[in-house]
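Structure assessment
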Amino acid sequence: MLHIYRTTARSKRALIGYGHIRQILVPPTGRQQRSPLCWPIRHCSANVRTFDTMLSTRRAEARKSILVQVSSERSYNELYHYCSQFGTIQSSHHYRVDGDGDGDCHYILLEFGSSAEADAAMQSGVFSTERPGVRARSIFLWFRTGPKPKLIAQEEPNRSLALIDGTRPIQEAELNGLLTAAESIDDQVTILHRVTKLNDLGKRLRFLAVRQLESSLQGMFPQAVAHPFGSSVNGYGRMGCDLDVIMDLDSRSGEPPDRNSRLVYHTKATNPNERTQVQRQLESIGDVLQLFLPGVNSVRRILKARVPIVKYHHEHLDLEIDLTMNNTAGVYMSELLYLFGQLDARVRPLTFCVRRWAQSVGLTNQTPGYWITNFSLTMLVMYFLQQLARPVLPSINRLIQLSASFTSPSSTPVTRFGEGETEWAYTFLKNSSIYGSFRSENEATLEQLLVQFFEFYSQFDFSQRAISLNLGSTILKPDHSPMYIVNPLETVLNVSKNVNLEETELFRMQVRNAVWLLEAHGKETGAPTEPWGLVSLFGPKQQERITPQMFFTKRLLNVKDIFDEVPANAPTQYRNPAVKSQVAAIQRATKAELHKLGAGGGGSSNRTGGVEPRTSSPIEGTGVKLKRNTKRR
């Protein structure tokens, strides 16, 4: 179990020394006393290995847990003694949610020894007569004031809070202090990953939201399963990230029915248009969320999108959730990225560093648009690690071959992507032996890999080449998208289709600038008080150095100036003599062509009196062919 210590928001930040950094980089041994200024962040409560094992462990934790709202963390002793009557409390975590004006809301997550004990605690709850509302039982409760005299002789609980204010992300100043006090850029990347990634409490809260979704629909659909996907489960999530969920109303629909049973359920007829059916189902589920589920508010139905979703906010978990249906590719992609992260310990820290850099320089944005997304950045990192002389990650096709070598002859043969979604999922990613099938011979440090990443993409030819993680190499671009990254699951799709030319060129400029910053702001080259390494790379002045406006300014020459006469008193100014000569050549060629058209030679008249030459000739000095379609005056 790995512990990381950081100062809470309400305490004064102490001076950061090497001993404090060592607590982050090196796991503590034995039982350590918790400092009142430092609270441990537990990153994983079980020794998980495969994606399915991780999911089942987290689901089991959520099944044994309840969430109780309290007045503050000081209510823990009283809550612990009261809830101990229902069973053994395995762990407890505290966090707070910023309030509107009545103060912060404090919550304590309690995990019992079994799901039956958690159910007993939940069933003991009552509905408030002072707060009328929909009387729906759930795992979200609040702890009201009890008799005070009985609490005087109570002893301290046997188990203390594992976390206090556990969902607060680290502040920028505190993070810069930790990074500045590190010994090397390699340590900086490690620290950045460990103090900003989604911690154990964050994962627990997200699986509580998954459990609430399932339990709300399993009364009518007993086989309903909510599948979390995206950064919350693939190992690349940061503190405060959203939760993406796919709802499957019948998880056993693919199983063959029992031919011996003569009883068949009556069912409602579905809409023949699958998209329309999904939209209507999501609309109804959105109504259930808004009207009946405690903590759910701000439900937004985005049903006209390419993938219809329902977005909502959970006020008790302080979490934004996106719900969709019938989009199993997201789950498979999450499992694939999780596998990449498990194959080598350097994959996730490097990805976190690149994402943080892209955010600091304005390459990514939380709202959808024409800029690079975190998913596209992750794909760029994975491909970079594949194409090294000594690869850190194998290609996907190589992993499929390795999976086939570990598969028994009696099992289903391994298929490639696109030949069958179900077969691929169960014969490749579901093969647990694939997690130990590849070990990289590359011994480069995180610092070396980060510099090589920036150098690699500063020279990459985005205009001609497309990136394929399946092959682990580049291919010719199938279309004219400025950036083309082949979707590993659906190879006919482009992951970065939304990225325009301006953002692609800005990415190239920013990676070149990053190489210069890392070289010029090393720890040995600057003064002790100056920022160095990642601090200089993520500094607030980055967006002042390079912006899209610097490289995509107003045109030096308007196109109409080529054909219009320029007044003598306002001559056109050219910054480049070569451009001036090319413009003059274009003007001479155009006047000659207009003169020929005016003479009526070399063309055929149409019904409107225009002349259309059948051929096009290159313009002198440019090699550019212009199609002539000029009407005779």
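Residues numbered from 1 in each chain as written. Predicted model: local features only at pLDDT ≥ 70, side-chain atom pairs only at ≥ 80, totals over all residues. Heavy atoms only, no water.

Put simply, the chain has an average pLDDT of 80, and 75% of its residues get 70 or more. In this model residues 412-422 is a low-confidence stretch, pLDDT under 50, and it forms 27 contacts with partners more than four residues away in sequence or in other chains. (pLDDT = per-residue confidence, 0-100. Contact = heavy atoms within 4.5 Å.)

What follows covers the sheet that holds strand β7 (residues 225-229). Pairing between the strands of a sheet comes from backbone hydrogen bonds, and it takes one of two forms, parallel or antiparallel. Spatial ordering of the open sheet is given by β7-β8-β11-β10-β9, a layout of 5 strands whose pairing is mixed. What marks the edges here is a single partner per strand, and that holds for β7 and β9 (296-302). The mean angle between the axes of side-by-side strands here comes to 25°, regardless of whether they run parallel or antiparallel. As defined by bridge partners, strand β8 (residues 243-248) adjoins strand β11 (residues 319-325) across 5 bridges and the pair is classed as parallel. Counted as the bridge partner of L243 is I321 from β11. (Pairing = 2+ DSSP bridges. Helix = DSSP H or I, 4+ residues; strand = E, 2+ residues; numbered from the N terminus. Axes fitted to C-alpha atoms, helices over the stretch in contact; angles between N-to-C directions.)

For the rest of this paragraph, the subject is helix α11 (residues 374-386). Taking 1.5 Å of rise per residue, the 13 residues of α11 would be expected to cover 18 Å, and the 19 Å separating its terminal C-alpha atoms lies within 8% of that figure. The element α11 is largely enclosed, with a buried count of 11 among its 13 residues. Those residues of α11 lying buried are S376, L377, T378, M379, L380, V381, M382, Y383, F384, L385 and Q386. (Expected span 1.5 Å × (residues − 1). Buried < 20%, exposed > 50% of the residue type's maximum accessible area, 1.4 Å probe, protein only.)

The phi dihedral of D165 is positive, around 55°, even though this residue is not glycine. Residue placement: D165 occurs in the loop between β6 (140-142) and α5 (172-180). Overall, D165 belongs to the buried group, its relative accessible area being 8%. Of note, the phi angle at S298 is positive, near 55°, even though the residue is not glycine. Tracing the backbone shows S298 in strand β9.

Counted by the stated rule, this structure contains 22 salt bridges. Salt-bridge contacts for R204 lead to E61; the nearest nitrogen and oxygen are separated by 3.8 Å. Taken together, the positions of R204 in helix α7 (residues 200-217) and E61 in helix α2 (residues 51-63) put the pair 143 residues apart, joining distant regions of the chain. Classification of R204 by relative accessible area gives buried; the value is 5%. Residue R168 is joined to E174 by a salt bridge in which the shortest nitrogen-to-oxygen separation is 3.9 Å. E174 carries the same exposure label as R168, and that label is buried. Counted as one network, the salt bridges with shared partners bring together R58, E61, K64, E111, D200 and R204. (Salt bridge = Lys/Arg side-chain N within 4 Å of Asp/Glu carboxyl O.)

This brings us to the nonpolar core. Within the largest apolar cluster, 123 residues are counted, with the highest numbers of intra-cluster contacts made by F340, W357, Y457 and F507. In terms of residue count, helix α9 (residues 329-343) provides more of this core than any other element does, 9 residues in total. Excluding its chain neighbours within four sequence positions, the residues that come into contact with W357 are L363, F454, F507, Q510, V511, A514, L537 and F538. Membership of the second largest hydrophobic core comes to 17 residues, among which are I66, V68, Y80 and C83. (Core = buried A, V, L, I, M, F, W, Y, C linked by side-chain atoms within 4.5 Å.)

By the criterion of burial, β8 is predominantly enclosed, with 5 of the 6 residues buried. Bridge count for β7 against β8 is 5 bridges, and the pairing is antiparallel. From the neighbouring strand, P228 faces β8, where its bridge partner is V245.

Turning our eyes to something else, we now look at the environment of S75. With respect to the element layout, S75 can be found in the loop between β3 (65-70) and α3 (76-83). Sequence separation between S75 and H106 is 31 residues; the distance between their C-alpha atoms is 9.7 Å.

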